[in-house]
Amino acid sequence: MKRIIFYSVVAVIIMCLFPDMLKAALPAAPVSGLTSIPSAAFNYSPDDSIEKVYDERIQRAHAPFIRVGFAAPSMISMMDTDLNYYYNRSWSLMADCFFFRKRNRLGNGLDIGARFTYRNFAIGEDIQKKASDLLYNDNRLHLMSWDVSFRAVIGASLARMMWQVYVIGAPRLLHYHAVMKDNKLGDPDKRINLFSIGIIGGAGLEVAPLPMLGIFAEYNIGYVPVGKSHNNVEGHQVYVGMTWRTLGTIRPVWW
């Protein structure tokens, strides 16, 4: 009996100190890193059920793969004063795809991905009435940008949901496409195409009520100069959206 107790204690110590060695020796678990549950025992109360521990480990194992967001008219602007005054109608869509995701056993880590953003700006009727010098009745800006994003994530599991805050930054390639129609003097329509490079950054909050589904809110601001006047078209931007989370690999907690 004493020998059985001795071997059991040794086995528990090995499980706590060397979870990766144990994982390699055992058949594949449903989620990579679930064999590390004993090493995280101090994170849970003795009254917590196995199901609760398992659910939280599942949530920590998942990480955002695809995100889609939307910005309503009052949620985006341009930093350039003149552009922001004239183009007072706007909306935006954005999409992320994180092709590299690394997490530790607390769910914290680093993501690298690609982002596409489309922003639509138009001159409002109120500005048309005020600015008699405008020669076109229909003025629109189409701003399309491509980023390579780097994101640092930290969070915790509360109320059986993952709550994570993050900071994000990226170099940005932008296509500025202006369309002017309905000239008051009868001149033909006019189009302007410009390309520019800049940077964008921000911070956000992501909440995952389910392992594979999350919602987020993110604030962005940056600097992308356009044209000879170097007008900065990156202003305050707030996006809200949904996240599709997929299973990732859990690294040691000290990573």
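Note that the structure is predicted; figures quoted are calculated from it, not measured.

## Some points on the pairing of strand 7 (residues 213–223)
A regular strand carries its side chains on alternate faces of the sheet.
Then step 1. Across the two faces of strand 7 the burial differs, with Gly 214, Phe 216, Glu 218, Asn 220 and Gly 222 buried and Leu 213, Ile 215, Ala 217, Tyr 219, Ile 221 and Tyr 223 not buried at all.
Then step 2. Here strand 6 (residues 190–210) pairs with strand 7 via ten bridges, running antiparallel. From the neighbouring strand, Ile 199 faces strand 7, where its bridge partner is Tyr 223.
Then step 3. Here strand 6 folds back onto strand 7 in antiparallel fashion, the turn holding two residues.

## Overview of the pattern of salt bridges
Then step 1. Applying the stated criterion across every chain yields a total of twelve salt bridges.
Then step 2. For Asp 111, the salt bridge goes to Arg 151, with nearest N and O atoms at 2.7 Å. Remark: Arg 151 occurs in strand 4 (residues 136–158) and Asp 111 occurs in strand 3 (residues 109–122); sequence separation between them is 40 residues. Residue Asp 111 shares its accessibility class with Arg 151, and that shared class is buried.
Then step 3. The shortest N-O distance in the salt bridge between Arg 172 and Asp 147 comes to 2.7 Å. Here the residue Arg 172 occupies a position in strand 5 (residues 161–183), and Asp 147 occupies one in strand 4, the gap between them amounting to 25 residues.
Then step 4. According to the relative accessible area criterion, Arg 172 is buried, its value standing at 2%.

## Some thoughts on the confidence of the model for the protein
Then step 1. Looking at the protein, the pLDDT average stands at 81 and 75% of residues meet or exceed 70.
Then step 2. For the protein, per-element mean pLDDT is lowest for helix 2 (residues 19–25), which scores 45, and highest for strand 7, which scores 97.
Then step 3. Below pLDDT 50 for its whole length, residues 12–48 participates in 36 contacts with residues either more than four positions away or in separate chains.

## As for a nonpolar patch on the surface
Then step 1. Nonpolar side chains collect at one region of the surface, where Met 79, Tyr 219, Ile 221, Val 238 and Val 240 lie side by side and expose about 360 Å² of accessible area between them.
Then step 2. Taken together, the elements giving at least two residues each to the nonpolar patch come down to strand 7 and strand 10 (237–247).
Then step 3. On the secondary structure map, Val 238 appears in strand 10.
Then step 4. By relative accessible area, which is 33% here, Val 238 ends up partly exposed.

## Notes on the packing of aromatic side chains
Then step 1. Across all of its chains, the model carries four aromatic pairs by this definition.
Then step 2. Residues Phe 65 and Trp 244 carry aromatic rings whose centres are separated by 5.6 Å and whose planes lie at 70° to one another, so their mutual orientation is edge-to-face. Here Phe 65, found in strand 1 (residues 62–71), pairs with Trp 244, found in strand 10; they are 179 residues apart in sequence, far enough to count as distant.
Then step 3. Under the relative-accessibility criterion, Phe 65 is labelled partly exposed at 26%.
Then step 4. Note on Trp 244: relative accessible area 41%, which makes it partly exposed.
Then step 5. Plain terms: the ring middles of Tyr 85 and Tyr 86 are 5.2 Å apart, the flat faces sit at 75° to each other, and that makes the pair edge-to-face.
Then step 6. Judged by relative accessible area, which is 24%, Tyr 86 ranks as partly exposed.
Then step 7. Here Arg 67 stacks its cationic end above the ring of Phe 216, 4.1 Å away from the centre of that ring.

Thresholds applied
- Residues numbered from 1 in each chain as written.
- Predicted model: local features only at pLDDT ≥ 70, side-chain atom pairs only at ≥ 80, totals over all residues.
- Heavy atoms only, no water.
- Buried < 20%, exposed > 50% of the residue type's maximum accessible area, 1.4 Å probe, protein only.
- Helix = DSSP H or I, 4+ residues; strand = E, 2+ residues; numbered from the N terminus.
- Pairing = 2+ DSSP bridges.
- Salt bridge = Lys/Arg side-chain N within 4 Å of Asp/Glu carboxyl O.
- pLDDT = per-residue confidence, 0-100.
- Contact = heavy atoms within 4.5 Å.
- Patch = residues over 30% accessible without salt bridge, like charges linked within 9 Å, V, L, I, M, F, W, Y side chains within 5 Å.
- Areas by Shrake-Rupley, 256 points an atom, 1.4 Å probe, with all protein chains shown as cover.
- Phe/Tyr/Trp six-rings, centres within 6.5 Å; stacked < 30°, edge-to-face > 60°.
- Lys NZ or Arg CZ within 6 Å of the ring centre and 35° of its normal.

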